[in-house]
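# Fold and contact review
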Amino acid sequence: MRQTGLGVVVVTYHSGAEAADCAESVLAAAAAAGLAIRLVIVDNASGDDTVDRLRAWASGAAPYTPPPDLPFAPAPLQKPVAFAEGGPDLAPETVGEAPVSLIRSPVNGGFAGGVNIGLAHLARFPEIEHFWVLNPDGVIPPASLPALAARLEGAGRYGLLGGRVVYLERPDVIQIDGGTVNRKTGVTGNVNLGRSASASPPPDPAGMDFVTGASMVASRAFYEAVGPMREDYFLYYEEVDWAMRRGDLPILWCEGFVVYHRGGTAIGSPTTSRVASPFSLYFKHRARLRFMRRFGRGRLIAHAYTLAYAARLLLARRAPVHAMATLRGGLGLAPPAAVASRLGPEAMRIALGEAAAPGGPAQKKSLGRPARLLRLILSAFDPRAWAHLVKIVNYYNYSHVAPLRAIRRGAGVSITPDVNFSNPERIEIGDGVSLGSRCMIWAGPAHGRIRIGRYALFGPEVIVTAAGYRFNDGAPVTKQPMDEADVEIGEDVWLGARVIVLPGARIGAGSVIGAGSVVRGEIPPMSIAVGSPARVVGRREIVAPQP
């Protein structure tokens, strides 16, 4: 077997059948061409039978049958395939000459987290000079690997290398030859998307910003200079970010290096016949805005794109769930329930931060100015916000504005704009009274009156009511009649914050009621009263001013 210095990383999550197809095609192509490679499969804590399927494939316990829609004849692969299995610390000594390593990650660290585990494993083998990241839902024809090996022999110094990725279900249609990114919106573009694979010439890699993570080769020089992928994207844009940090290491392209990509089998990425899933949309737009914070030229246009994209999903696609996932991802908000339910607690912590995980520390989420502006725009177009505004205006009118015209009040009365009145025709307010913020003055619906003497002072959130529900007639409280009794509050009375005055109470002139007290019955003039119920604890003494 001819050494190629090539190691392959495949990250799986609930994709056992697809990963077996991928590994079969890679190893069969290498065996047919007489090329020695190392393949590491990293399972991202799949909760299904992915690992069992891979074991059965490698051992030959489950006879391999190629997918019926495979657009090429696969080369035969002898079974069993020798492989080593372990955790992220699987050592080269344990692997030995086995061409396949199966690494079980204890958590779902997202695409980048899984890739980084595979890269770190391959980097321990000094003969590996090229790291090929390949999606599990990609398969390669026998001719692709010899083409790649030949290109790598004369590659020289480079950063990343790509080839042609085509749709498996439409083998002559290009999905991507390379990627570009708009620095104002963060939107990525696929070079030669939708064009004929047989009729399209090779692209110029000088015009590319990145290589797709579906099939991407990185040199060891690049890996050692740039380091692993950033894992805070979780899904999408990791390879774009990685490429942006390559410095002067160029991007290369390999003709004949073709991957057939089924696409979106695990996370619901868009295809030629299907809109992206809410899961895919949430993380893609979340990652796009994260990328823009690092590499973009302002973010206002990027947020406007989020709004426009969500509007198109809502109006053209009639997909409100998809639109909401887009908005929440673009605004950096918590994911919708349908998205969060697909992630375990540890994956939530990795994907969204400590505060997102159950039991994680609560942290205040701070939105940037563009996100706040976008939230304001969304509110302006939300009919529910306008309906609620009408309700607020109506409530303010019948609880404050209209009652002021019916209340008998003296001169110099000060009433804050958020005082609430009920049955105002039975409320009397003397001269110079001051009512603090959010006070509630509720006369009875039939005859209970409230009289407030001159120069009385109410602190904030004082409640005075001349009626109360009965509660012992056997019916629900709201169905029982109300008992009413007049309330008398004398002149120069001071009610502290959150005092409650119940029906029938009489507070003598000059009294002071401590904050939070509940008054029922009679308080003599010039008393100081506190508690629930309020009890007299002292007398208010008038001290003449010193000459």
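These notes cover the structure that comes with them. Just so you know, these numbers come straight off a predicted model, no measurement behind them.

About the thresholds
- Residues numbered from 1 in each chain as written.
- Predicted model: local features only at pLDDT ≥ 70, side-chain atom pairs only at ≥ 80, totals over all residues.
- Heavy atoms only, no water.
- Helix = DSSP H or I, 4+ residues; strand = E, 2+ residues; numbered from the N terminus.
- Buried < 20%, exposed > 50% of the residue type's maximum accessible area, 1.4 Å probe, protein only.
- Contact = heavy atoms within 4.5 Å.
- Areas by Shrake-Rupley, 256 points an atom, 1.4 Å probe, with all protein chains shown as cover.
- Lys, Arg positive; Asp, Glu negative; His and termini not counted.
- Charge placed at Lys NZ, Arg CZ, Asp CG, Glu CD.
- Patch = residues over 30% accessible without salt bridge, like charges linked within 9 Å, V, L, I, M, F, W, Y side chains within 5 Å.
- Salt bridge = Lys/Arg side-chain N within 4 Å of Asp/Glu carboxyl O.
- Pairing = 2+ DSSP bridges.
- Phe/Tyr/Trp six-rings, centres within 6.5 Å; stacked < 30°, edge-to-face > 60°.
- Disulfide = S-S within 2.5 Å.

## Topic: the overall build of the protein
The helix and strand inventory of the protein stands at 14 helices and 32 strands. Principal-axis analysis of the C-alpha atoms gives the protein an extent of 105 × 60 × 45 Å. Expressed as a percentage of the 547 residues in the protein, the buried residues total 48%. Residue pairs at least 24 apart in sequence account for 57% of intrachain contacts in the protein once pairs closer than 6 positions are excluded. In the form shown here, the protein has an accessible surface area of approximately 25,400 Å², with 56% of it arising from carbon and sulfur atoms. If you average the places of the 57 positive and of the 46 negative side-chain charges in the protein, the two averages end up 8 Å apart.

## Brief notes about a nonpolar patch on the surface
On the surface, Trp386, Leu389, Ile392 and Val393 cluster together to form a nonpolar patch covering roughly 400 Å² of accessible area. Its location among the elements puts tryptophan 386 in helix α14 (residues 383-406).

## Points about the sheet that holds strand β30 (residues 522-523)
With parallel pairing, the six strands of this open sheet are ordered in space as β13-β16-β19-β24-β27-β30. Edge positions in the sheet fall to β13 (408-409) and β30, since each has one partner strand and no second. Pairing geometry for strand β19 (residues 450-452) and strand β24 (residues 487-489), over three bridges, is parallel. Residue pairing in the sheet places arginine 451 in a bridge with glutamate 488 of β24.

## Details of the packing of aromatic side chains
By convention here, two paired aromatic rings are described through the distance between centres and the angle between planes. This structure, assessed with the given rule, holds 11 aromatic pairs. Arranged with centres 5.6 Å apart and planes meeting at 35°, the rings of phenylalanine 72 and tyrosine 260 form a pair that is tilted. One end of the pair, phenylalanine 72, is in the loop between α2 (50-59) and β3 (83-86); the other, tyrosine 260, is in strand β12 (residues 251-261), and 188 residues separate them in sequence. Of the residues examined, tyrosine 260 reaches a relative accessible area of 13% and is grouped as buried.

## Concerning the state of the cysteines
This structure, assessed with the given rule, holds zero disulfides. Counting only cysteine sulfurs, cysteine 254 is the nearest neighbor of cysteine 22, a cysteine outside any disulfide, at a range of 17 Å. The class of cysteine 22 is buried, set by a relative accessible area of 0%.

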